[in-house]
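The primary structure of each chain is shown beneath.
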Amino acid sequence: MTFPPPKTESPAQRFEEATAAARDALERLIAAANEAGWGTEEITVALLKAAQFMSDANKRDPDPADDPLISDTPARQAQIGRGELYD
């Protein structure tokens, strides 16, 4: 699925463009979900919940790409469970 780039720099117009593009994408997504056997109401509720989860995650960490990789931690320092060390 492609998403069109913004055509303006005006925040209000960008919001309107983003809303229209998101609605178009959601209509296609809901149609695909319907074809797969999901009901419109159940998939829209699921999409709302997923969108809220994504919004909350973005508020907590707006740029996760800057986070250190797990592999940056030496294996001897990493712990799992109740203090077991990796081999």
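For the structure itself, consult the block above.
On a predicted model such as this, the values are computed, not experimentally measured, just so you know.

1. Thoughts on the packing of helix H1 (residues 11–35) against helix H2 (residues 40–60)
Working step 1: At their nearest, the axes of H1 and H2 sit 10 Å apart, and the two run at 130° to each other. Considering their axes alone, H1 and H2 lie oblique with respect to each other. As for the relative orientation of H1 and H2, their crossing is right-handed in sense. In this structure, H1 uses Leu 26, Leu 29, Ile 30, Ala 33 and Asn 34 to contact H2, whose residues at the interface are Thr 40, Ile 43, Thr 44 and Leu 47.

2. Quick word on H1
Working step 1: Given a rise of 1.5 Å per residue, 25 residues ought to cover 36 Å, and the 36 Å separating the end C-alpha atoms of H1 matches this to within 8%.
Working step 2: The set of residues buried in H1 consists of Ala 21, Ala 25, Ile 30 and Ala 33.
Working step 3: Tucked inside the fold, the buried residues of H1 contact H2.
Working step 4: Looking at the residues trailing H1, positive phi occurs at Gly 37, about 110°.

3. Observations regarding a nonpolar patch on the surface
Working step 1: Judged by side-chain polarity, Met 1, Leu 26 and Leu 29 come together as a nonpolar surface patch covering roughly 310 Å² of accessible area.
Working step 2: Looking at the element boundaries, Leu 29 is found in helix H1.

4. Structural notes on the pattern of salt bridges
Working step 1: In the structure shown here, the tally under the stated rule is three salt bridges.
Working step 2: A salt bridge links Arg 14 to Glu 9; the nearest nitrogen and oxygen atoms lie 4.0 Å apart.
Working step 3: Judged by its relative accessible area of 34%, Arg 14 falls in the partly exposed class.
Working step 4: The partner of Arg 23 in a salt bridge is Glu 27, with the nearest N and O atoms 3.2 Å apart. Residue Arg 23 and its partner Glu 27 are both found in helix H1; the two are separated by four residues, about one turn of the helix.

5. Points about the environment of Asp 24
Working step 1: In this structure, Asp 24 sits in helix H1.
Working step 2: Judged by its relative accessible area of 37%, Asp 24 falls in the partly exposed class.
Working step 3: Here the alpha-carbon distance between Asp 24 and Phe 3, two residues 21 residues apart in the chain, equals 9.5 Å.
Working step 4: A polar side-chain atom of Asp 24 sits 2.4 Å from a polar atom in the side chain of Arg 28.

6. With respect to the side chain of Thr 8
Working step 1: Note on placement: Thr 8 falls in the segment before H1.
Working step 2: Look past the residues within four positions of Thr 8 in its chain and what remains in contact with it is Gln 13, Arg 14 and Glu 17.

Each value, and the rule that gives it
- Residues numbered from 1 in each chain as written.
- Predicted model: local features only at pLDDT ≥ 70, side-chain atom pairs only at ≥ 80, totals over all residues.
- Heavy atoms only, no water.
- Axes fitted to C-alpha atoms, helices over the stretch in contact; angles between N-to-C directions.
- Helix = DSSP H or I, 4+ residues; strand = E, 2+ residues; numbered from the N terminus.
- Parallel < 35°, antiparallel > 145°, perpendicular 65-115°, else oblique.
- Left-handed = near helix turned anticlockwise from the far one by under 90°.
- Contact = heavy atoms within 4.5 Å.
- Expected span 1.5 Å × (residues − 1).
- Buried < 20%, exposed > 50% of the residue type's maximum accessible area, 1.4 Å probe, protein only.
- Patch = residues over 30% accessible without salt bridge, like charges linked within 9 Å, V, L, I, M, F, W, Y side chains within 5 Å.
- Areas by Shrake-Rupley, 256 points an atom, 1.4 Å probe, with all protein chains shown as cover.
- Salt bridge = Lys/Arg side-chain N within 4 Å of Asp/Glu carboxyl O.
- Polar contact = N/O pair within 3.5 Å; in protein donor to acceptor, adjacent residues only side chain to side chain.

Just geometry here; none of it tells us what the structure is for.
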